[in-house]
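Tertiary structure, described
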Amino acid sequence: MTHRDVNNPILFEVSWEVANKVGGIYSVMRSKAPVTVHEFGDRYTLIGPLYYKTAMAEVEPEEVSNPYMREVLEEMSRQGIRWMYGRWLIESAPHVLLFDTGSVSTRLEEWKADLWKVASIPSPPNDQEVNDAILFGYLVTWFLNDFVAREKNAAVIAHFHDWLAAVGVPLIRKRHIDLATIFTSHATLLGRYLVSGSVDFYNNIKSFNVEEEAGKRGIYHRYHIERAAAHCSDVFTTVSQITAYEAEHLLRRKPDGVLPIGLNAVKFSAMHEFQNLHAQNKEKIHDFVRGHFYGHYDFDLDSTLYFFTAGHYEFKNKGVDTFIESLGRLNSRLIACNSPTTVVAFIVMPAATQSFAVESLKGQAVTKQLKETIKDITEKIGQRIFEKAARYAGGDIVDAIVEPEELLTSKDKVFLKRRVIALKRGGWPPIVTHNMVDDASDPILNAIRHVRLLNSPGDRVKVIFHPEFMNSGSPLIGLDYEDFVRGCHLGVFPSYYEPWGTAPAECTVMGVPCITSNLSGYGGFMEEILETPADYGIHIVDRRTRSTEESINQMADYMLQFCQKSRRQRITQRNRTERLSDLLDWKIMGMEYVRARKLALYRTYPDSFAGAEAGEFESYIKAKIPKPLSAPGSPRIKGSGSVADDEEITEGMSNFNIIDEENEETR
Ligand code: G6P
């Protein structure tokens, strides 16, 4: 290896989802870009596949300014390779380089044979995804190889995300290309396949015959690409501890570190407004609930709490099975303790539907008509009061005031009765808002039926399955997802398989407490950084060491405790939750990327780090964020001896400092 400048390295980040939305990695790349651009400026380029239609919408082409890069790309053009270079039209507008794999498809067989020869990675004849991965991997390697052959001063880091973009990693290693590589697994392929089957995943994770399992599932070749990338990278990372554990056993290399997923906290930041936004959006959910429960609207909305879970329909992975079970138990417990609280639990997961259910639409229509009729009537009442009062011309003043019994005319009463009669309904309010294509065998519906949460009047827990993502144009809950979350009280994400888990992280930055699990990346991360997560509104269900039955009970306990909080306690807790936002921002989360890059450079160019110890980059200890300071800070009202009930303000101030200091430490 040559001696290169490791202080101003050039960074390429390679992913299939650069300017190309397929799954979750797209938002990771996109939301992380500003901090990486901030650190690297023009020395940062993202590399992805070229799909003309999406690229036209996402990328603004520009001249290649780096002379070495230009030379390499011009040469590649001469060889028939099509590429696009430009600015990704997102915040911070990073440089992107996209390769058209179609332009080199004639070389597929040659490269497949080479891959087998140099890296012993086999490839099947007709797997389009593997073919694309190979073509892309060879193009990226070609580009990087020729680039570092020209750029001889600066160290170069190539950071690959997930197997599909990572064929280049083993090639770089085998060809001894002079650059540092990082491979980040966002979930292992085999892990995903295994959990979607009926195996007891975590209890058997150490003993799977990985080759055989991959073969049985028809992913042998993909698995080998992923495994080779994990083993051939200078630094191997995952997005969470739980995925690190999975990778260690399924890919058979212990990751060097964890690169958690941050978010753009500023985007969600509502400053002191977030409590008001909660109240405003909750009103809109109230409107929906009044309509949905028409004819059985016999509970007090002021004592009603909104819980929700949301995401892709993965019944077991997302822990919806355990959520519904826990709701059943919560219902019994609330009834047993005669609680005045009602819980409305929403499950927002897209499933195949035909249309909105007539009953759901009708509920919104009848309450809307009632509201409009009452608006008309009250307007007329106002006019009558005004008319009578305005006609006062002396005499007994009482004669100028409308008597209460004159307020409603008999015509008004008829109108009103007609609207009220329309609120009568035969059955109980529906548990699903749409007509399902497969109502009888839908796992969520069946689980709800199994625990008998059928929205009957006696139930303290009501359930609404909304099998479509939220949308502000909907005639039912006319809210976008973000506003819906803000209006709720508690997000519930007790996942069984969740490499990271953005949904609870988003709740946190919006100041909405959540339940998560220690099998989710996010839950594990919070457990690691907070001394007492529950005090910050992060309730972590133990699904790792407890049985499913125990986890369900633990979750029901958390939910019951949440129901027993006063409004003031909920407000205080939301304040604490929201204060974690800064920690989840890429500005802090991105620090792990910085460390991973340092480690990759150190391992590749140890001579450039004279005097440094390996341990300096390889390990570090993070201090936990302590329990929030509690009550004694409340000011006493002078002379009265009573305690002013505003704990959250004083407590809030001191806590912020704690978090800030902590951030300084992790910096
Ligand atoms: C926010 C608002 C308060 C409101 C409260 C309701 O904090 O600023 O005005 O009273 O939400 O909280 P709750 O937990 O009962 O929905």
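Definitions and cut-offs
Residues numbered from 1 in each chain as written. Predicted model: local features only at pLDDT ≥ 70, side-chain atom pairs only at ≥ 80, totals over all residues. Heavy atoms only, no water. Helix = DSSP H or I, 4+ residues; strand = E, 2+ residues; numbered from the N terminus. Buried < 20%, exposed > 50% of the residue type's maximum accessible area, 1.4 Å probe, protein only. Areas by Shrake-Rupley, 256 points an atom, 1.4 Å probe, with all protein chains shown as cover. Core = buried A, V, L, I, M, F, W, Y, C linked by side-chain atoms within 4.5 Å. Domains from an automatic or database assignment. Contact = heavy atoms within 4.5 Å. Pairing = 2+ DSSP bridges. Axes fitted to C-alpha atoms, helices over the stretch in contact; angles between N-to-C directions. Near = heavy atom within 4 Å. Polar contact = N/O pair within 3.5 Å; in protein donor to acceptor, adjacent residues only side chain to side chain. Expected span 1.5 Å × (residues − 1). Salt bridge = Lys/Arg side-chain N within 4 Å of Asp/Glu carboxyl O. Right-handed = clockwise from strand over helix to strand, strands pointing away. Phe/Tyr/Trp six-rings, centres within 6.5 Å; stacked < 30°, edge-to-face > 60°. Lys NZ or Arg CZ within 6 Å of the ring centre and 35° of its normal. pLDDT = per-residue confidence, 0-100.

**As for the overall build of the protein**
When its secondary structure is counted, the protein shows 27 helices and 17 strands. Taking the principal axes of its C-alpha atoms as reference, the protein extends roughly 105 × 65 × 55 Å. When each of the 667 residues of the protein is scored for burial, the buried share is 54%. Of the roughly 29,200 Å² of accessible surface on the protein, a fraction of 53% belongs to carbon and sulfur atoms.

**Regarding the side chain of histidine 161**
Note that histidine 161 resides in strand 6 (residues 154-161). For histidine 161, a relative accessible area of 1% corresponds to the buried category.

**Brief notes about unusual backbone geometry**
The backbone phi angle of alanine 19 is positive, close to 50 degrees, even though this residue is not glycine. Tracing the backbone shows alanine 19 in the loop between strand 1 (5-14) and helix 1 (25-40). A relative accessible area of 2% means that alanine 19 is categorised as buried. One non-glycine residue, alanine 93, adopts positive backbone phi at about 35 degrees.

**Let's talk about the nonpolar core**
By size, the foremost hydrophobic cluster in this structure holds 83 residues, and its most contacted members are Phe346, Phe484 and Met526. A per-element tally of this core places helix 1 first, with 7 residues. When residues of this core are assigned to domains, at least three fall in each of domain 1 (5-188 + 226-241 + 253-258) and domain 2 (284-357 + 430-584). Ignoring sequence-local partners within four residues, the contact set of phenylalanine 484 consists of Ile285, Phe308, Phe346, Val348, Met470, Ile477 and Leu479.

**A short note on the domain arrangement of the protein**
What the domain assignment lists for the protein is domain 1 (5-188 + 226-241 + 253-258), domain 2 (284-357 + 430-584) and domain 3 (365-423). Taking only C-alpha atoms, the centre of domain 1 and the centre of domain 3 are 71 Å apart.

**A word on the sheet that holds strand 3 (residues 59-61)**
Ordered in space as 3-4-5-2-1-6-7-8-9, the 9 strands form an open sheet in which the pairing is mixed. If you trace the sheet from one side to the other, it starts and ends with strand 3 and strand 9 (257-258), each paired once. In the sheet, strand 6 pairs with strand 7 (residues 180-185) via 5 bridges, with the strands oriented parallel. Considered in strand 7, the bridge of isoleucine 157 is made with alanine 180. Running at roughly 160 degrees to strand 1, helix 1 makes contact with strand 1, strand 2 (44-49), strand 4 (83-88) and strand 6 of the sheet.

**Remarks on the site of the ligand**
The ligand sits among Gln275, Asn276, His278, Ala279, Lys282, His489, Arg567, Arg570, Ile571 and Arg574. Here arginine 567 contributes a side-chain N or O atom positioned 2.6 Å from an oxygen atom of the ligand. A distance of 2.6 Å is found between an oxygen atom of the ligand and a side-chain nitrogen or oxygen belonging to arginine 570. Contact with the protein chains covers 78% of the free accessible surface of the ligand, which is 400 Å². Tallying contributions element by element places helix 13 (residues 274-292) first for the shell around the ligand, with 5 residues.

**Description of helix 10 (residues 220-232)**
Between its first and last C-alpha atoms helix 10 spans 18 Å; for 13 residues at 1.5 Å apiece the expected length is 18 Å, and the two agree. Burial within helix 10 is extensive, with 10 of its 13 residues counted as buried.

**Points about the pairing of strand 5 (residues 95-99)**
Counting buried positions along strand 5 yields 5 of 5 residues, so the element is predominantly enclosed. By the alternation rule, side chains of strand 5 split into His95, Leu97 and Phe99 and Val96 and Leu98, which are all buried. Relative to strand 5, strand 4 is paired through 5 bridges, and the arrangement is antiparallel. When the bridges of strand 5 are listed, glycine 86 appears paired with valine 96. In this structure, the hairpin formed by strand 4 and strand 5 is closed by a connection of 6 residues, where serine 92 is found at a positive phi of approximately 80 degrees.

**Structural notes on the pattern of salt bridges**
Within this structure, the stated rule accounts for 35 salt bridges. In this structure, the salt-bridge partner of arginine 150 is glutamate 71, at a minimum N-O distance of 2.7 Å. Residue arginine 150 is found in helix 5 (residues 128-150), and its partner glutamate 71 is found in helix 3 (residues 67-78); the two are separated by 79 residues along the sequence. For arginine 150, a relative accessible area of 28% puts it in the partly exposed group. Note on glutamate 71: relative accessible area 40%, which makes it partly exposed. Arginine 329 is the partner of glutamate 325 in a salt bridge, and the nearest nitrogen-oxygen pair spans 3.3 Å.

**Concerning the sheet that holds strand 10 (residues 304-310)**
Ordered in space as 14-11-10-15-16-17, the 6 strands form an open sheet in which the pairing is parallel. Strands with a single pairing partner mark the edges of an open sheet, and in this sheet they are strand 14 (461-466) and strand 17 (538-541). Taking each pair of neighbouring strands and ignoring which way they run, the sheet shows an average axis angle of 25 degrees. Strand direction decides the pairing type here: strand 10 and strand 15 (residues 490-492), joined by 2 bridges, are parallel.

**A word on the pairing of strand 10**
With respect to burial, strand 10 is a largely interior element, 7 of its 7 residues being buried. Where strand 10 lies against strand 11 (residues 342-348), 7 bridges are found, and the strand directions are parallel. Paired with phenylalanine 307 across the two strands is alanine 345, which belongs to strand 11. As for the winding sense of the linkage, the β-α-β connection from strand 10 through helix 14 (residues 320-336) to strand 11 is right-handed.

**So, helix 19 (residues 502-509)**
Counting buried residues along helix 19, 6 of its 8 residues qualify, which places the element largely inside the surrounding structure. Of the residues making up helix 19, those classed as buried are Ala503, Pro504, Ala505, Cys507, Thr508 and Val509. Positive phi shows up at glycine 511, right after helix 19, with a value of about 75 degrees.

**Considerations on the packing of aromatic side chains**
With the rule as written, the count across this model stands at 27 aromatic pairs. Centroid distance phenylalanine 12 to phenylalanine 143: 5.5 Å. Interplanar angle 90 degrees. Geometry classified as edge-to-face. With a gap of 131 residues between them, phenylalanine 12 in strand 1 and phenylalanine 143 in helix 5 connect regions that are remote in the sequence. In this structure, phenylalanine 12 and phenylalanine 143 share a single accessibility class: buried. Three or more aromatic residues link up through ring pairs in this structure, and these residues are Phe288, Tyr306, Phe308, Phe346, Tyr481, Phe484 and Phe493. In this arrangement the basic side chain of lysine 32 is found over the ring face of tyrosine 593, its NZ or CZ atom lying 4.7 Å from the centre.

**Side note on the confidence of the model for the protein**
This prediction gives the protein a mean pLDDT of 91; 92% of its residues lie at or above 70. Confidence over residues 631-667 falls short of pLDDT 50; this stretch has 56 contacts with residues more than four positions distant or in other chains. Scoring the predicted complex yields pTM 0.90 and, for the interface, ipTM 0.95.

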